[in-house]
Amino acid sequence: MRVVSGIKPTGNLHLGNYLGAVKQWVTLQDDVAAQGGESMFFIADLHAPTEWIAPADLSSHTIEVAATMIAAGIDPAKSILFNQARVPAHSEMAWLLNTVARVGWLNRMTQFKDKAGKNREGASVGLYDYPVLMAADVLLYNATHVPVGEDQKQHLELARDIATKFNGDYGVDLFTLPAPLISKAAPRIMSLRDASAKMSKSNPSEQSVVKLIDSDDTIADKFRKAKTDPDLLPATADELGDRAEARNLLTIYAALADTDVASVLGEYGGKGFGAFKPALADLAVAKLGPIRDEMVRLLDDRSAVTAVLQAGAEKARALAAPVLKQTQDAMGLQV
């Protein structure tokens, strides 16, 4: 079993990134290690420039995200942690897979339509083509499983299509078809000000997003001021109906407490948000505060974080090299 997944270095990670991805990876890392498998987690810095980012910011964010992952529990002794750009085989494999991927397949990718919006003709080729790089990211290591959110499942299906076509076109059994790992425990965390939108760093309202770098007081303040409704919490999840804000806060509490919404309602059903939100704030501070403190400690010596990434990249390059060579050989590029 080999698990591979990555995250873009777009600045300080937030609560949605943590609960929806990194927290799941930490659990997965231990489960995979117990089964004798291997986990690889990378900072997807090659994906970041598909939309403009200042070079200094990209470099800084890469270190910050790596430090956050380590602080949250990604252990370089158990997993291979690296940044994508230090493994050139990602770029090389992406080009080779571009010759197999089809324009029609990419035209169906909904993420490009969402990100490009009305400026489709002004979007970068990288933004259009990045699903092929994502395919390279996992096929390069013959990943057996890829943790993905529902919004990324389409990209994994594309990777499987590319792998199947390559194997068929060249008469080889080279690429493993990776299976998605969509954890039912991985919640979709929404904005604290508008529960119809995902929690995002790009939201102009600072009150909408809890950043992992936030102070204890800031975390508590954001939860106490989170948008809610005047009704009491119900006894069961089925009774929540269309109360999106209430459901979001209950989901966050359950994820932080490693329980489910039904159990949370068993304790808080019939109570108002005046009782629930302070309890949620205290829980969030207790869970996120130690991660922030360790992240700050790690960032006091950025060179040490860089060394961790470099060591991980060396391991990743060793794993990638034979697969890249076999791909080139299959295509007649061995001369």
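Computed from a prediction, not measured in an experiment: that's the story for all the values here. (Residues numbered from 1 in each chain as written. Predicted model: local features only at pLDDT ≥ 70, side-chain atom pairs only at ≥ 80, totals over all residues. Heavy atoms only, no water.)

Undergrad: Before we go on, may I ask you to explain the overall build of the protein in this structure?
TA: Of the regular secondary structure elements, the protein holds twelve helices and five strands. Relative to the 2.2 N^0.38 estimate, which gives 20 Å for 335 residues, the radius of gyration of the protein is 21 Å and therefore close to what a compact globule would have. Structurally, the protein occupies a C-alpha span of about 70 × 45 × 40 Å along its principal axes. Within the span of the protein, comprising 335 residues, buried residues form 48% of the whole. (Helix = DSSP H or I, 4+ residues; strand = E, 2+ residues; numbered from the N terminus. Rg over C-alpha atoms; globule rule 2.2 N^0.38 Å. Buried < 20%, exposed > 50% of the residue type's maximum accessible area, 1.4 Å probe, protein only.)

Undergrad: Got a minute to help me understand the packing of aromatic side chains in this structure?
TA: The description of an aromatic ring pair rests on the distance of the ring centres and on the angle between the ring planes. According to the stated counting rule, one finds ten aromatic pairs in the structure shown. When the ring of Phe 42 is compared with that of Phe 82, the centres are 5.7 Å apart and the planes differ by 35°; the resulting orientation is tilted. A residue pair is termed long-range when its members are at least 10 positions apart, and Phe 42 in strand β2 (residues 38–43) and Phe 82 in strand β3 (residues 79–83) qualify at 40 residues. An identical accessibility class is assigned to Phe 42 and Phe 82; each is buried. Through pairs of rings, three or more aromatic residues link up here, namely Tyr 253, Tyr 268, Phe 273 and Phe 276. (Phe/Tyr/Trp six-rings, centres within 6.5 Å; stacked < 30°, edge-to-face > 60°.)

Undergrad: What am I meant to see in helix α2 (residues 55–72) here?
TA: Think of an α-helix as turning once every 3.6 residues; residues three or four places apart then point the same way. Helix length check: α2, at 18 residues, gives a terminal C-alpha distance of 26 Å against a target of 26 Å (1.5 Å per residue), a fit within 8%. The buried count for α2 comes to 13 of 18 residues, which makes it a mostly enclosed element. Positive phi shows up at Gly 73, right after α2, with a value of about 125°. (Expected span 1.5 Å × (residues − 1).)

Undergrad: What am I meant to see in the packing of helix α1 (residues 15–34) against helix α9 (residues 244–257) here?
TA: When two helices pack together, you describe them by how their axes are tilted relative to each other and by the distance separating the axes. The interhelical angle for the contact between α1 and α9, taken along N-to-C directions, is 45°, at an axis separation of 11 Å. Considering the angle they form, α1 stands oblique to α9. At the point where α1 passes α9, the crossing takes the left-handed sense. Here α1 contributes Leu 15, Leu 19 and Lys 23 to the contact with α9, which in turn contributes Ile 252, Ala 255 and Leu 256. Considered class by class, the residues forming the contact of α1 with α9 number five nonpolar, no polar and one charged. (Axes fitted to C-alpha atoms, helices over the stretch in contact; angles between N-to-C directions. Parallel < 35°, antiparallel > 145°, perpendicular 65-115°, else oblique. Left-handed = near helix turned anticlockwise from the far one by under 90°. Contact = heavy atoms within 4.5 Å. Nonpolar A, V, L, I, M, F, W, Y, C, P; charged D, E, K, R; others polar.)

Undergrad: What should I look at first to understand the nonpolar core in this one?
TA: Of all hydrophobic cores here, the largest spans 59 residues; its most connected members are Leu 15, Met 69, Phe 223, Ile 252, Leu 256, Phe 276 and Leu 288. Within the residue set of this core, elements represented by two or more residues are α1, β2, α2, α8 (216–224), α9, α10 (261–268), α11 (273–299) and α12 (302–330). Residue contributions to this core peak at 13 residues, all from α11. Phe 276 has contacts with Leu 233, Leu 249, Leu 250, Tyr 253, Val 264 and Tyr 268, leaving out every residue within four places of it along the chain. Residues Tyr 128, Ala 136, Val 148 and Val 323 belong to the second largest nonpolar core, which totals 47 residues. (Core = buried A, V, L, I, M, F, W, Y, C linked by side-chain atoms within 4.5 Å.)

Undergrad: What exactly am I supposed to notice about unusual backbone geometry here?
TA: A negative phi angle characterises most non-glycine residues, just as the trans form characterises most peptide bonds. The phi angle at Asn 142 is positive, at roughly 50°, despite the residue not being glycine. With respect to the element layout, Asn 142 can be found in the loop between α6 (125–139) and β4 (145–147). Located in the positive-phi region is Asp 258, a residue other than glycine, with phi close to 55°. Assignment of secondary structure puts Asp 258 in the loop between α9 and α10.

Undergrad: What is the right way to look at the confidence of the model for the protein in this model?
TA: Per-residue confidence for the protein averages 93 on the pLDDT scale, and 98% of its residues sit at or above 70. Averaged over each element, pLDDT in the protein is lowest for helix α5 (residues 110–116) (78) and highest for helix α3 (residues 89–98) (98). (pLDDT = per-residue confidence, 0-100.)

Undergrad: For this particular structure, what's the right way to read the pairing of β3?
TA: For a regular strand, the rule is simple: side chains alternate between the two faces of the sheet. With five of its five residues buried, β3 lies for the most part within the structure. A two-sided burial pattern is seen for β3, the buried positions comprising Ser 79, Leu 81 and Asn 83 on one face and Ile 80 and Phe 82 on the other. For β2 and β3, the ladder comprises five bridges, and the chain directions are parallel. Bridging across to β3, Phe 41 finds its partner in Leu 81. Assessed by its sense of winding, the connection that carries the chain from β2 through α2 to β3 is right-handed. (Pairing = 2+ DSSP bridges. Right-handed = clockwise from strand over helix to strand, strands pointing away.)

Undergrad: Looking at this structure, I do not really get the side chain of Lys 211. What am I missing?
TA: One can find Lys 211 in the loop between β5 (179–181) and α8. Judged by its relative accessible area of 18%, Lys 211 is buried. Setting aside residues no more than four positions away along its own chain, Lys 211 makes contact with Leu 13, His 14, Glu 206 and Lys 222.

Undergrad: Can you help me understand α10 in this one?
TA: Where α10 is concerned, the buried positions are Val 264, Leu 265 and Tyr 268. Looking straight down α10, one finds that the buried residues subtend no more than 100° of arc, so they occupy a single side. With its phi angle positive at about 90°, Gly 270 sits one or two positions after the end of α10. (Arc of directions from axis to C-beta.)

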